[in-house]
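One letter stands for each residue in the lines below.
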Amino acid sequence: MNVRHHTRSSLQVAALMLLTTLLAGCGINNIPTLDEQAKAAWGQVQNQYQRRADLIPNLVETVKGYAKHEEETLTAVIEARAKATSIQVDASTLDNPEKLKQFQQAQDQLTGALSRLMVVSERYPDLKANQNFLALQSQLEGTENRIAVARRDFILAVQKYNTEIRTFPGRLWHTVMYSDLPIRETFEATSPDAEKAPEVKF
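From a predicted model like this one, the values you see are computed outputs, not experimental measurements.

## What to know about the packing of helix α2 (residues 30-66) against helix α4 (residues 97-121)
Now for step 1: Where α2 meets α4, the closest approach of the two axes is 12 Å, and the angle between their N-to-C directions is 30°. Between α2 and α4, the interaxial angle falls into the category roughly parallel. Note on packing geometry: the crossing formed by α2 with α4 is left-handed. The segment α2 lies against α4, with W42, Y49, R52, I56, L59 and V63 engaging L100, F103, Q107, L110, T111, L114, L117 and M118.
Now for step 2: Here the residues of the contact of α2 with α4 are counted per class, giving 11 nonpolar, two polar and one charged.

## Some details on the nonpolar core
Across soluble globular proteins, you tend to see nonpolar side chains buried next to one another.
Now for step 1: Core analysis: the biggest nonpolar cluster contains 38 residues, and W42, L59, L114 and F154 have the highest contact counts within it.
Now for step 2: At the level of elements, α2, α3 (71-86), α4 and α6 (131-166) are the ones that each hand at least two residues to this core.
Now for step 3: Looking at which element gives the most residues to this core, the answer is α2, with 10 residues.
Now for step 4: The next biggest cluster of nonpolar side chains, apart from the first, holds eight residues, and it includes I28, L34, I165 and W173.

## Examining the confidence of the model for the chain
Now for step 1: Considering every residue of the chain, the mean pLDDT works out to 84; 84% of them sit at 70 or more.
Now for step 2: Averaged pLDDT values over the elements of the chain bottom out at 65 in helix α1 (residues 2-25) and peak at 94 in α6.
Now for step 3: Here residues 197-202 is a poorly scored stretch, pLDDT under 50, and it has eight contacts once near neighbours within four places are set aside; other chains count.

## Considering the environment of Y49
Now for step 1: Relative to the elements of secondary structure, Y49 occurs in helix α2.
Now for step 2: Between the C-alpha atom of Y49 and that of R146, which follows or precedes it by 97 residues, the distance is 9.1 Å.
Now for step 3: Leaving out residues up to four positions away in the same chain, Y49 has contacts with F103, Q107, I147 and R151.

## Let's talk about the environment of R81
Now for step 1: On the secondary structure map, R81 appears in helix α3.
Now for step 2: What makes R81 partly exposed here is its relative accessible area of 23%.
Now for step 3: When the C-alpha atoms of R81 and L110 are compared, they prove to be 5.9 Å apart, with 29 residues separating the residues in sequence.
Now for step 4: Within polar-contact distance, the side chain of R81 engages the backbone oxygen of A53 at 2.6 Å.

Here is what the cut-offs are and how they apply
Residues numbered from 1 in each chain as written. Predicted model: local features only at pLDDT ≥ 70, side-chain atom pairs only at ≥ 80, totals over all residues. Heavy atoms only, no water. Axes fitted to C-alpha atoms, helices over the stretch in contact; angles between N-to-C directions. Helix = DSSP H or I, 4+ residues; strand = E, 2+ residues; numbered from the N terminus. Parallel < 35°, antiparallel > 145°, perpendicular 65-115°, else oblique. Left-handed = near helix turned anticlockwise from the far one by under 90°. Contact = heavy atoms within 4.5 Å. Nonpolar A, V, L, I, M, F, W, Y, C, P; charged D, E, K, R; others polar. Core = buried A, V, L, I, M, F, W, Y, C linked by side-chain atoms within 4.5 Å. Buried < 20%, exposed > 50% of the residue type's maximum accessible area, 1.4 Å probe, protein only. pLDDT = per-residue confidence, 0-100. Polar contact = N/O pair within 3.5 Å; in protein donor to acceptor, adjacent residues only side chain to side chain.

Laid out in structure tokens, this is it:
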């Protein structure tokens, strides 16, 4: 009797180990893994937008010292920054396409306001030669590049995640275990003529 019980326990443990191995190898963890990667990529997008927002007050103050007559442009940048930083989209609300679109539009408005500020700076040779302005300008240019890379990485992460839950066997696992995880939206061009590269003169 004891031998039978021991054999049955051993078979149950072996069956459980085999089932665990099969499940681990068949992609059951792909969906939550890709979901977390998409959230992490989104976090990096937000991180870069925050970096840009943090640079703007210093840039505005530097320009203000030289371009006192450009109050309208400076105010537009400050207002666009305030609006862009007031719209928060974190990983938990990433599934809301309308909120994501609002966030994108606010960031696009800030990009446009910054472009106008840089055009204004062309009119002030002393400002263009100011070391502080040049350093801020360089940091802002680098940040814009980082934003582009972070957005690209987010788009790729969302593509992998969406592909996984729409193809076999991910679709099966999505239906059975992860039906609460929706298809994710990605960035879309929200500004007019978005297919054209903007002209930003530094």
